[in-house]
Each structure stands twice: as C-alpha cells, then as structure tokens.
Amino acid sequence: MSTSSSSKRKCTKKLDMRPKDASDAAYARVSKNRLEKAQSKSRFVQSVVGADAARIAPLPKRSNLVRLADGGVTKPKAEKMEKAQLTDKLFGLFERRTFWSLKQLLEETKQPAMYLRETVQEIANLARRGPNNGMYSLKDMYRQQNKPAET
C-alpha cells in the first residue's frame with residue numbers, strides 16, 4: 001500500500017475561447033489595437049539642438065536645494081583639525097562620559113564624519129551589542145593612561 005498523497009486525474013474537457021465568427025470586425029479591431037499598443041514605444045529620446053539647448057540646465061543637486069531658516073544656503077564644510085588636537089579633544093570628551101555615539105561626537109567636535117570616524121576607531125572601541133550598541137568607548141590602554149594618579 002502506498003502512502004503518497006498524489007492522485008492522477010484525466011482532463012476530460014478542454015476549454016478554448018474563440019470568437020463566434022473569425023471574420024468578426026469588432027474582434028479584429030480589438031486584437032489589432034492590442035497588438036499595436038504592445039509594440040509601440042512608450043518612451044522617446046529627443047535631441048535638443050540650437051537655441052533650445054542653451055535654455056536647458058542640469059537639475060540641481062539636493063544639497064543645493066536645502067535652505068536654512070535664516071534664508072542662507074547650506075552650512076560650509078567643517079574644517080579638519082590636526083589629528084593630535086582632535087585626539088586631545090576626544091580624550092576630553094571620553095573623560096566627561098564613557099559612551100558616545102558617532103552622531104554625538106560629530107556635534108561636539110564639528111569635524112567631517114569620515115575623518116572623525118577614522119580617528120575615533122584608533123582610540124575607541126565600538127560596542128556591537130548590549131545596551132550601548134553602536135556607541136564608542138575608550139580602549140582599555142587609553143582608559144588606564146588617562147586616569148589621574150591615585151595616592
């Protein structure tokens with residue numbers, strides 16, 4: 001006795017749909033319109049020549065569209081500090097608090113994100129799990145160096 005649940009069936013009726021009359025004008029029109037619509041291109045490329053080309057300008061970047069509340073344009077780029085000066089500032093911040101997110105460090109130091117991330121990765125560890133996930137804490141070797149001498 002077989003335990004498989006397959007069943008074999010035989011198709012007894014075949015259902016195809018055709019128009020009543022092959023020379024039916026309405027069906028021929030519908031079929032022709034459907035075929036033409038499927039074959040037509042929906043997008044076209046136009047080349048602009050002459051005086052029209054001078055009027056067309058590329059779309060502005062999104063950063064150029066952002067306006068500040070006072071009506072000025074976007075903030076100027078942050079200038080890089082020297083690496084030693086930045087590390088000193090970071091050590092000072094880590095003395096204030098143990099854990100910092102990159103966003104908080106960016107606000108405090110006002111440095112470019114990639115430059116700050118590179119510098120922070122040299123002196124701090126990124127917590128990957130736990131309650132301080134995504135936050136930096138000072139590496140153990142620097143934490144011991146920066147502690148004040150206890151007498």
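Note that the coordinates shown come from a computational prediction; the quantities given were computed from them, not determined experimentally.

## Quick look at the packing of aromatic side chains
To describe a pair of aromatic rings, one takes the distance between the centres and the angle between the planes. Applying the stated criterion to the full structure yields one aromatic pair. Taken together, a centroid distance of 5.4 Å and an interplanar angle of 50° make the contact between Phe91 and Tyr142 tilted. With Phe91 in helix α4 (residues 83-96) and Tyr142 in helix α7 (residues 140-146), this residue pair connects regions lying 51 residues apart in the sequence. Judged on exposure class, the residue Phe91 and its partner Tyr142 are both buried. The ring of Trp100 carries the charged tip of Arg97 above its face, separated from the ring centre by 4.1 Å.

## Some details on helix α5 (residues 102-109)
For α5, the set of buried residues is Leu102, Leu105 and Thr109. All buried residues of α5 project into a common sector of 60° when viewed along the axis, lining one side. Every exposed residue of α5 that faces more than 90 degrees away from the buried side is listed here: Lys103 and Glu107. Residues of α5 that are buried make contact with α4, β1 (99-101), α6 (113-123) and β3 (135-138). In the stretch just after α5, Lys110 is the one whose phi turns positive, near 55°.

## As for the pattern of salt bridges
Taken as a whole and judged by the stated rule, the model has two salt bridges. Here Lys83 makes a salt bridge to Glu122, at a shortest N to O gap of 3.2 Å. Here Lys83, found in helix α4, pairs with Glu122, found in helix α6; they are 39 residues apart in sequence, far enough to count as distant. Using a relative accessible area of 34% as the deciding quantity, one classes Lys83 as partly exposed.

## Describing unusual backbone geometry
Although it is not a glycine, Lys110 adopts a positive phi angle of roughly 55°. Within the element layout of this structure, Lys110 appears in the loop between α5 and α6.

## Looking at the packing of α4 against α5
At a minimum axis separation of 11 Å, α4 and α5 run at an interaxial angle of 120°. By the criterion of interaxial angle, the relationship of α4 to α5 is oblique. In this structure, the crossing between α4 and α5 has a hand that is right-handed. Contact with α4, carried on its side by Leu86, Lys89, Leu90, Leu93 and Arg96, involves Leu105, Glu108 and Thr109 of α5 and no other residues of that element. Among the residues forming the contact of α4 with α5, the class breakdown is four nonpolar, one polar and three charged.

## Considerations on α4
With 14 residues, α4 extends 20 Å between its outermost C-alpha atoms, agreeing within 8% with the 20 Å of an ideal straight helix rising 1.5 Å per residue. Looking at α4, one finds that the buried residues are Leu86, Thr87, Leu90, Phe91, Leu93 and Phe94. Taken around the axis of α4, the buried residues stretch over an arc of 160°, which confines them to a single face. In this structure, α4 carries Asp88, Glu95 and Arg96 as exposed residues pointing more than 90 degrees from its buried face.

## Concerning the sheet that holds β3
On the basis of which strands lie adjacent, the open sheet formed by three strands has the order β1-β3-β2 and antiparallel pairing. Each end of this open sheet is capped by a strand with a single partner; those strands are β1 and β2 (124-126). Between one strand axis and the next, the sheet turns through 35° on average, direction left out of account. Bridge count between β1 and β3: three bridges; the pairing is antiparallel. Across the sheet, Ser101 pairs through a bridge with Met135, a residue of β3. Along the sheet, α4 contacts β1, β2 and β3; its crossing angle with β3, the most-contacted strand, is approximately 100°. α5 contacts β1 and β3 of the sheet and is inclined by roughly 85° relative to β1.

Criteria and cut-off values
Residues numbered from 1 in each chain as written. Predicted model: local features only at pLDDT ≥ 70, side-chain atom pairs only at ≥ 80, totals over all residues. Heavy atoms only, no water. Phe/Tyr/Trp six-rings, centres within 6.5 Å; stacked < 30°, edge-to-face > 60°. Helix = DSSP H or I, 4+ residues; strand = E, 2+ residues; numbered from the N terminus. Buried < 20%, exposed > 50% of the residue type's maximum accessible area, 1.4 Å probe, protein only. Lys NZ or Arg CZ within 6 Å of the ring centre and 35° of its normal. Arc of directions from axis to C-beta. Contact = heavy atoms within 4.5 Å. Salt bridge = Lys/Arg side-chain N within 4 Å of Asp/Glu carboxyl O. Axes fitted to C-alpha atoms, helices over the stretch in contact; angles between N-to-C directions. Parallel < 35°, antiparallel > 145°, perpendicular 65-115°, else oblique. Left-handed = near helix turned anticlockwise from the far one by under 90°. Nonpolar A, V, L, I, M, F, W, Y, C, P; charged D, E, K, R; others polar. Expected span 1.5 Å × (residues − 1). Pairing = 2+ DSSP bridges.

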